Each structure stands twice: as C-alpha cells, then as structure tokens.
Amino acid sequence: GYTASLAAGTNSPQYNATLVNGAAGIAFDGNDYLLLDGTLNSYRTLFIVYEDTSTAQYVTPVGSIYNTPQSGGSYHGNIDDTQLFSTEYTSALTRNGAIISDGTATTSAIGRPDTWSLNTYMATATLTNRITTIGSDNALPTSRGINGGIAELILYDRELSSPELNAVGAYLGPKYSLSTNYG
C-alpha cells in the first residue's frame, strides 16, 4: 500500500474530525501538503472529495512528477482558479478524459470547487507520472497548495464502467453528505 506523511516544519495540514459536513477530513491552508511514500505511478481514474478556495497559480490537490512522454503533470492546476487543469502543463490524457463533478459530466472549465465537491477524473489511458504530494502541486513551491480540505481520495488503475462510477459516487456522496447525481 501507500502512505502519506506530514511535510516538514510548518507545512503540515491538520486533521479535523468534523471538516466535511460533520465528517472527518484534512484541512490545508494553502502552504500545506502531504508527501506520498512509494511509487504510485500507474493509475487512470481518480475520485476526490475536496474543496479549494485558493486563487493562487497552478494549485492542484494532487501533485505529480513530470514525465517526458506525457509532457506535464497528471493533474497540474491552471494558472488561475477559472479552470481545473493547465492546458500547458497537464497531461493530454487527463485533459481529454472524462471530468465528472458531483455525478455530472463537465469540462475542466468548471474551475476549482469552492464548496465540498466529489470530482472524478478518468484519463483516456493509464497515467504514469509518479504522484508525490497530496494537497499541493509537487510541494514546489508550497504556495501552490489548496486552501480548503480533502476528505477522501480513491485511485483506480483502469477506466471504470458507468455502473462502477455510479457505485463509488453513491458511496462517497452520502458518506460526506454531498448532494450528487449518483445513485
């Protein structure tokens, strides 16, 4: 398995037992991040329950090492908060894949979720950029961290079918008291 550890010094997010509509989550202040241990480098579908009120440049909840074949990080944030992903630095496999917000298909033009949301990103093929941080874009610079929180993150190494997407969404939505179109 994989574990995340606290960043050094003052860049550590805080656990909060009631952060998400009374459910537990991890609060980030824009400078925090978790370091991911191991080599998580083969994935295709990401479910994430999070909110991010940051307006800083290139902020993303999941940071990854750039990989030459994919020319960019898997989920590199946009230069501002008007879109989820940078068209320049995010892998085309992510940008051209499915983006689902609270059970509704959308595009990266939706921007970062200012309120708690269940987002799903399904790439067009397996992503191989090694994920290194949670809550920040690669921990460098730390000002690229989310200002909000993450409640849960689930990765699959394959494309999920519609019934599978619905099952995971129907599990996560009620768990965090989110209004979604799943289930």
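Our structure's up above, just so we're on the same page.
Given the structure is predicted, the values throughout are model-derived calculations rather than measurements. (Residues numbered from 1 in each chain as written. Predicted model: local features only at pLDDT ≥ 70, side-chain atom pairs only at ≥ 80, totals over all residues. Heavy atoms only, no water.)

A. Examining the environment of glycine 149 more closely. Within the element layout of this structure, glycine 149 appears in strand S11 (residues 147-156). Owing to a relative accessible area of 0%, glycine 149 belongs among the buried residues under this scheme. Distance from glycine 149 to proline 61, taken between C-alpha atoms, is 8.9 Å for residues 88 residues apart in sequence. (Helix = DSSP H or I, 4+ residues; strand = E, 2+ residues; numbered from the N terminus. Buried < 20%, exposed > 50% of the residue type's maximum accessible area, 1.4 Å probe, protein only.)

B. View of unusual backbone geometry. We note that asparagine 21 has phi near 50°; this positive angle belongs to a residue other than glycine. When its relative accessible area of 46% is taken as the criterion, asparagine 21 is described as partly exposed. Within the chain, aspartate 102 stands out as a residue other than glycine whose phi angle is a positive 55°. Inspection of the secondary structure puts aspartate 102 in the loop between strand S7 (98-101) and strand S8 (104-106).

C. Spatial organisation of the sheet that holds S8. Judged by pairing direction, the sheet is antiparallel, and its 7 strands sit side by side in the order S2-S3-S11-S5-S9-S7-S8 without closing on themselves. A single partner strand is all that each edge strand has here, and the edge strands are strand S2 (14-20) and S8. Direction aside, the axes of adjacent strands within the sheet are offset by 35° on average. Note: S7 against strand S9 (residues 117-127), 4 bridges, orientation antiparallel. Directly across from alanine 98, in S9, lies its bridge partner methionine 122. (Pairing = 2+ DSSP bridges. Axes fitted to C-alpha atoms, helices over the stretch in contact; angles between N-to-C directions.)

D. Highlighting the nonpolar core. Core analysis: the biggest nonpolar cluster contains 21 residues, and Tyr50, Tyr75, Tyr121, Ile131 and Ile150 have the highest contact counts within it. When residues of this core are traced back to their parent elements, those giving at least two are strand S4 (34-36), strand S5 (43-52), S9 and strand S10 (131-134). Non-local contacts of tyrosine 75, meaning those with residues more than four positions away in its chain, are made with Tyr43, Leu46, Thr60, Val62, Ser64, Phe85, Thr90, Thr94, Tyr121, Leu127 and Leu155. (Core = buried A, V, L, I, M, F, W, Y, C linked by side-chain atoms within 4.5 Å. Contact = heavy atoms within 4.5 Å.)

E. Highlighting the sheet that holds S4. One open sheet holds the 4 strands; their spatial order is S1-S4-S10-S6, and the pairing between them is antiparallel. Taken across any chain shown, the strands that pair with only one partner, and hence form the sheet edges, are strand S1 (4-6) and strand S6 (62-64). With strand direction ignored, the average angle separating the axes of adjacent strands in the sheet is 30°. Here 3 bridges tie S6 to S10, and the two strands are oriented antiparallel to one another. Pairing of glycine 63 across the sheet is with threonine 133, part of S10.

F. Just the packing of aromatic side chains, in detail. For the structure shown, the criterion picks out 6 aromatic pairs. On the basis of an interplanar angle of 40° and a centroid distance of 5.9 Å, the ring pair of tyrosine 75 and tyrosine 121 is categorised as tilted. Taken as a pair, tyrosine 75 in the loop between S6 and helix H1 (92-95) and tyrosine 121 in strand S9 lie far apart in primary sequence, 46 residues in all. Each member of the pair, tyrosine 75 together with tyrosine 121, is buried. (Phe/Tyr/Trp six-rings, centres within 6.5 Å; stacked < 30°, edge-to-face > 60°.)

G. Summary view of helix H2 (residues 162-175). End to end, H2 covers 20 Å across 14 residues, agreeing with the expected 20 Å (1.5 Å per residue, within 8%). Elements in contact with the buried residues of H2: S5, S7, S9 and S11. (Expected span 1.5 Å × (residues − 1).)

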